[in-house]
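If you want the building blocks of each chain, they are given just below.
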Amino acid sequence: MAIERTFSMIKPDATKRNLTGKIVDRLESAGLRVVAQKRIWMSRREAEGFYAVHKERPFFDELCEFMSSGPTVVQVLEGENAIAKNREVMGATNPAEAADGTIRKDFAESIGENSVHGSDGPDTAKEEISYFFAATEIVG
Ligand code: RTP
Ligand code: MG
């Protein structure tokens, strides 16, 4: 299995509740290495750009409002099968449907305010990493 990189975010509902360290611990314990990380406050426009694929969805406005409502920790994670592994550790989008022991099951507040984001494939991982990080900011 090849070493992959994926993009991850700790969303405003989680930074607000001081859960950054606990979430990083879940990621590292699963074998994912944090090779880049910074705390940012996204503008509404940045959130709209990041979530452009969802712009026709009914939750788009609410999502962009939420994602620009407070600090977010953006990260690049590296490891074997990192994209799928991160999705597994995160759990289902809706915390009510997330498996036991996942981040969303344990920490998420609702389907919208669900504590974390993770890329869903190799192409989105590349795009999302470059949306927030320069190559020089990623130290493997
Ligand atoms: P993510 O992209 O954040 O890793 O999560 P995901 O793949 O599990 O979910 P996706 O379908 O891509 O949706 C992106 C984010 O939009 C919010 N959402 N709200 N109110 C709703 O019905 C609803 N559905 C999705 C969530 O914050 C979700 O993570
Ligand atoms: Mg998604």
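Predicted model, so just to flag it, every value in this text is computed and none were measured.

Asks: Sorry, what's going on with the packing of aromatic side chains here?
Replies: Within a pair of aromatic rings, the relevant descriptors are the distance that separates the centres and the angle that separates the planes. Applying the stated criterion across every chain yields a total of six aromatic pairs. Ring geometry for Phe-7 versus Phe-50: centroids 5.7 Å apart, planes at 50°, classification tilted. Of the two residues, Phe-7 sits in strand β1 (residues 3–10) while Phe-50 sits in helix α3 (residues 44–50), which places them 43 residues apart along the sequence. Residues Phe-7 and Phe-50 agree in their burial class; the two are buried. These aromatic residues form a ring-pair network of at least three members: Phe-7, Phe-50, Tyr-51, Tyr-131 and Phe-132. Between the NZ or CZ atom of Lys-38 and the centre of the ring of Phe-133, over which it lies, the distance is 4.6 Å.

Asks: So what exactly am I meant to see when it comes to the UniProt feature "domain: Nucleoside diphosphate kinase-like" (unreviewed entry) in the chain here?
Replies: Cross-referencing UniProt, the feature "domain: Nucleoside diphosphate kinase-like" (unreviewed entry) maps to residues 3–140 in the present numbering. The span residues 3–140 carries 40% helix and 20% strand; its end-to-end C-alpha distance comes to 11 Å.

Asks: Looking at this structure, I do not really get the sheet that holds strand β3 (residues 72–80). What am I missing?
Replies: Pairing between the strands of a sheet is mediated by backbone hydrogen bonds and can be parallel or antiparallel. With antiparallel pairing, the four strands of this open sheet are ordered in space as β2-β3-β1-β4. Across the chains shown, the open sheet's two edge strands, defined by having one partner strand only, are β2 (33–40) and β4 (116–118). Each neighbouring strand pair of the sheet contributes to a mean axis angle of 20°, computed without reference to strand direction. Of the pairings in the sheet, the one linking β1 to β4 comprises three bridges and is antiparallel in character. Residue pairing across strands places Ser-8 opposite Gly-118, the latter belonging to β4.

Asks: How should the site of ligand 1 be read in this particular structure?
Replies: Lining the immediate surroundings of ligand 1 are 14 residues, of which Lys-11, Thr-93, Gly-112, Asn-114 and His-117 lie closest. Lys-11 has a polar side-chain atom sitting 2.9 Å from an oxygen atom of ligand 1. Within the contact set of ligand 1, an oxygen atom lies 3.2 Å away from a side-chain nitrogen or oxygen of Arg-104. In isolation ligand 1 offers 560 Å² of accessible surface; the protein chains occlude 82% of this area. Of the residues assigned to the shell around ligand 1, the class counts are five nonpolar, six polar and three charged.

Asks: Looking at this structure, I do not really get the layout of surface pockets. What am I missing?
Replies: Gaps between atoms show up when a probe of the same size as a water molecule is rolled over them. Reported here for the largest pocket is a volume of approximately 740 Å³. Lining the largest pocket are 29 residues, and of these Tyr-51, His-54, Phe-59, Leu-63 and His-117 sit closest to its centre. Elements supplying a minimum of two residues to the lining of the largest pocket: α3, α4 (60–67), α5 (82–90), β4 and α7 (122–132). The element best represented in the lining of the largest pocket is α7, accounting for four residues.

Definitions and limits used
Residues numbered from 1 in each chain as written. Chains lettered and ligands numbered in written order. Predicted model: local features only at pLDDT ≥ 70, side-chain atom pairs only at ≥ 80, totals over all residues. Heavy atoms only, no water. Phe/Tyr/Trp six-rings, centres within 6.5 Å; stacked < 30°, edge-to-face > 60°. Helix = DSSP H or I, 4+ residues; strand = E, 2+ residues; numbered from the N terminus. Buried < 20%, exposed > 50% of the residue type's maximum accessible area, 1.4 Å probe, protein only. Lys NZ or Arg CZ within 6 Å of the ring centre and 35° of its normal. UniProt positions renumbered as here; feature names shortened; annotations may be inferred. Pairing = 2+ DSSP bridges. Axes fitted to C-alpha atoms, helices over the stretch in contact; angles between N-to-C directions. Near = heavy atom within 4 Å. Polar contact = N/O pair within 3.5 Å; in protein donor to acceptor, adjacent residues only side chain to side chain. Areas by Shrake-Rupley, 256 points an atom, 1.4 Å probe, with all protein chains shown as cover. Nonpolar A, V, L, I, M, F, W, Y, C, P; charged D, E, K, R; others polar. 1 Å grid on protein atoms, 1.4 Å probe; cavity = no way out; pocket = protein on both sides within 12 Å on 5 of 7 lines; lining within 4 Å. Points joined across faces, edges and corners; volume = space filled by probe spheres on them.

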